[in-house]
Amino acid sequence: MNRQPFNYSPTRGRAAALTLIAALSSLISGPAWPKKVQPSTSTASANTANAPAASNPTASPLPTRVRRLNLGQLGNQTAFQLRTTEGRTDINFGLRADELVTQAVLRLRYAYSPALIPGQSHIKVLLNDELMATLPLTANNAGQPVTQDVTIDPRFIVDFNRLTLQFIGHYAQNCELSGHSSLWADVSGASELELTVRPIELRNDLARLPEPFFDPRDLGRLNLPFVFAAQPSPDTLRAAGITASWFGQLAAWRGARFTAHLDGVDGTLPPGHALVFATNSERPDWMAQTPPFTGPSLSMLSNPGDGASRLLLVSGRDGADLRVAADALVRGAVALSGSHVAVQAGPAAPARAPYDAPRWVRMDRPTTFGELVQTPEQLQAAGRQTDSIRVDLRIPPDLYAWKSRGVPVDLKFRYTPPVRAGESRMTMSLNQSLVQAFNLRASEPGRGEEQSWTLPLMDKGLAVERERVVLSPFQLAPRSQLQYAYSFATHRGADCENPAVDNARGAVDPDSTIDFSGYPHYAELPQLSHFASLGFPFTRYADLSQTAVVLPEQPGRDEIETLLTLLGRMGESTGYPATQVAVVGPRQVDTVRDRDLLLIGTAPGQTLLQTWKDHLPAVVDGTQRGVSQPARASTALFGGFGLPREAAAVTQERIEATGPLVALLGFESPLASGRSVVAVTAGEPRDLPKVLDALDTQAGVMHGSVVFVRSLKDPLSGRDTLKVDSIAVGPTYTTGVLPFWTVIAHGLRQHPTLLGLLWFGLAVLGLVLVWKLWLAVRHRRGRGRA
């Protein structure tokens, strides 16, 4: 997963830090930390029956807690390699709006080259461009791991922060090569930033949404509890699913997990921020004294469980009202303010077209790179050995690009011209596999080292190139990434003249395009790799208008958690909330027979597992398990094609076991041909969330029609680890339409004997035609002689 960099402004960060310094100038005498400015609470509706009381500004400070941020996870790297005479790395982190840092310590683990000159070599630690510490690189610790704690002044920590580690290295007194192999220092990804934070009690104001329930400054996984009555109805769960898909969309690459808390089952309210869904007939006991709801509404309340965190109450007279309130939340959050708003049903949103998810590549025209990144700065790079420019692609898994010339890319890129041609280049890769490398043109060919480096501000001073590249369909995956890496050569003149200046820049133009338009959509299913990567086929429509979730008649918290988290994953995949998803029980499944079905639950509560047992590729029923194996394994490639799958199972084992086992099953819907069913089941309901853990960590190894997830105990750490096994067995079906000539060609490839017979028949027909032609020519010559 590629984490997108912050749109950080050093000027803004420095100004915010200086403001804090001015406000805290009296800290020497030990005054209390200043509180963040609290917005006034306004009322957006006359209906204030559920409006909470204002927070008490004189309340005693809340207890502090310690947050440990792993630098490797923040930077998505196992180690940070600092090279050249001025190597550096930037690590972004954020501070939640409801937290204030009182103490910060950077625990740095690093090693450096023994060839460095002590006294001239060091590592600078900067926060938002302000120097925090300088770490000398001494001869005593050279070449071995070093651990050092660096105290960070918390006054400089703002909303979005940039921690910079800058390596200043020297190995010679003069005439150094900036790219010499002796110039290195490595910072371990296990280094940590330890923040002691004090929670800040926020006022109840819906204008803060999605904060504090989701804070974009928090780079960790979103963990958000959903609170219900003891037995929520399908309509209530549908509103909760719509809301969960929106929060999953917001969480994006962070990931999201939505736990379910049922009143009377899980005891008191969970601590921390949470969402509550209540109607006049379904409400938690602690809301028993709340007046009846008169319509759909949204409210922000203080959490009575801890008195400091906040609850977002989605309420209404019935489940239909909750749907209206959830739609208003996910589509109109920018217009909310005050502690309580009443919502009125608006016009229905227009139906979405297939494959139009905001985060997917366009199918109707070429997609520009500017549409695939959050900010234009992500398409720029600086330095001689730059970080790769990364462009994420989300491609419909049923895109049929096989037997085509490939996917065209119209690439436009620019750079500061190197001194010499042929030694600097830009390398284009797809999913870490080389596609093509381009040599960068020199500024003035033939001048060589006489040309000095400049930093042009106009296009005439930059080299601008345009290339057409074709991507092989075999290299594409539903979640793909293009990487562009600039590498600028370093030159040194005679007798150390004309030292290199590190002003090299490279960029990919936002109007570069990649064209997926014109390709047909066709896939051979079931293929659980599509579900694991992008939630396909459910996400074919971004609003999930062709999807229904089937839960047990009385779902428990584990089934509900699985429902909410899976819908959150689909919201992250499409970039759009699941506003048209349906949630039903097994008895109402006929009402959604024309939809793709997501089946969640365990036997016997999920009765469809027993009703459809003849269609299942595997069976998990309590302690009873049924496992089938094909004659030979098949390898699935992009588009669902690969080695021909053998539908018949050669082995069928019946097993009785008591250990935990979770399964993902894919098969064609028994209610409608061409429709898909993905079943999430387990031996016990409490094991269902394990499939969510597996999707977070091992989605890349899931494929076929059956995925088994088992829990193993690590003998060294004692922690539970997950083992994932995939099987392709059972009948297949297809979705989509191919041109008739492609259908014929694909069918013949699947039946080589028929292809051989066809070629033999064509050869015989050709011989007959040649023989007939020869006879006709001979007959004509004979008549001419006569």
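Residues numbered from 1 in each chain as written. Predicted model: local features only at pLDDT ≥ 70, side-chain atom pairs only at ≥ 80, totals over all residues. Heavy atoms only, no water.

(A) Quick peek at the packing of helix α6 (residues 557-574) against helix α8 (residues 689-698). Put simply, α6 and α8 touch, their axes get as near as 9 Å, and they point 25 degrees apart. Considering the angle they form, α6 stands roughly parallel to α8. Listed contacts from α8 to D558, E561, T562, T565, L566 and R569 of α6 are P689, L692, L695 and D696. Looking at side-chain class alone, the contact of α6 with α8 contains 4 nonpolar, 2 polar and 4 charged residues. (Axes fitted to C-alpha atoms, helices over the stretch in contact; angles between N-to-C directions. Helix = DSSP H or I, 4+ residues; strand = E, 2+ residues; numbered from the N terminus. Parallel < 35°, antiparallel > 145°, perpendicular 65-115°, else oblique. Contact = heavy atoms within 4.5 Å. Nonpolar A, V, L, I, M, F, W, Y, C, P; charged D, E, K, R; others polar.)

(B) Examining the layout of surface pockets more closely. Its volume calculated, the second largest pocket comes out at about 620 Å³. Contributing elements (two or more residues each) for the lining of the second largest pocket: β1 (65-70) and β11 (222-223). (1 Å grid on protein atoms, 1.4 Å probe; cavity = no way out; pocket = protein on both sides within 12 Å on 5 of 7 lines; lining within 4 Å. Points joined across faces, edges and corners; volume = space filled by probe spheres on them.)

(C) How the structure looks around the packing of aromatic side chains. The full count for this structure, using the stated rule, is 14 aromatic pairs. The interplanar angle of 45 degrees and the centroid separation of 6.1 Å between the aromatic rings of F369 and Y484 together place this pair among those described as tilted. Taken together, the residues span a long stretch of sequence, with F369 in the loop between β19 (367-368) and β20 (380-382) and Y484 in strand β26 (residues 479-487) at a distance of 115 residues. The buried category is assigned to F369, whose relative accessible area is 0%. (Phe/Tyr/Trp six-rings, centres within 6.5 Å; stacked < 30°, edge-to-face > 60°. Buried < 20%, exposed > 50% of the residue type's maximum accessible area, 1.4 Å probe, protein only.)

(D) Structural view of the sheet that holds strand β24 (residues 433-439). Spatially, 4 strands are ordered β21-β26-β23-β24 in an open sheet, and the strand pairing comes out antiparallel. One side of each edge strand has no neighbouring strand; the edge strands of this open sheet are β21 (389-394) and β24. For this sheet, the mean inter-axis angle between neighbouring strands, taken without regard to orientation, is 15 degrees. Examined bridge by bridge, strand β23 (residues 425-430) and β26 share 6 bridges and lie antiparallel to one another. Bridge pairing in β26 places M428 opposite Y484. (Pairing = 2+ DSSP bridges.)

(E) Expanded view of the environment of H122. In this structure, H122 sits in strand β5 (residues 122-127). Classification of H122 as partly exposed rests on a relative accessible area of 21%. H122 sits 16 residues away from T138 along the chain, and the two C-alpha atoms are 8.5 Å apart. Here H122 is in contact with T134, L135, P136, L137, Q166, F167 and I168, once residues within four sequence places are set aside.

(F) Looking closely at the nonpolar core. Ranked by size, the top nonpolar core spans 68 residues in total, and within it F226, F228 and L598 carry the most contacts. For this core, the element with the most residues is helix α3 (residues 234-251), which contributes 8 residues. The contacts of F228, once residues within four sequence positions are left out, are T236, L237, A240, A260, H261, L262, D263, F277, P284, I560 and L564. (Core = buried A, V, L, I, M, F, W, Y, C linked by side-chain atoms within 4.5 Å.)

(G) Just unusual backbone geometry, in detail. Of note, the amide linkage connecting F536 to P537 takes the cis form, showing an omega dihedral of 15 degrees. Among the structural elements, P537 can be located in the loop between α5 (528-534) and β30 (547-550). Here the residue pair A603 and P604 is connected by a cis peptide bond, since its omega of 5 degrees sits within 30 degrees of zero. Structurally, P604 can be placed in the loop between β32 (596-600) and α7 (608-611). With a phi angle near 55 degrees, N128 is a residue other than glycine that sits in the positive phi range. Secondary-structure assignment places N128 in the loop between β5 and β6 (130-136). Under the relative-accessibility criterion, N128 is labelled buried at 1%. Positive phi, normally seen in glycine, also occurs at N431, with a value near 55 degrees. By the element assignment, N431 lies in the loop between β23 and β24. By relative accessible area, which is 27% here, N431 ends up partly exposed.

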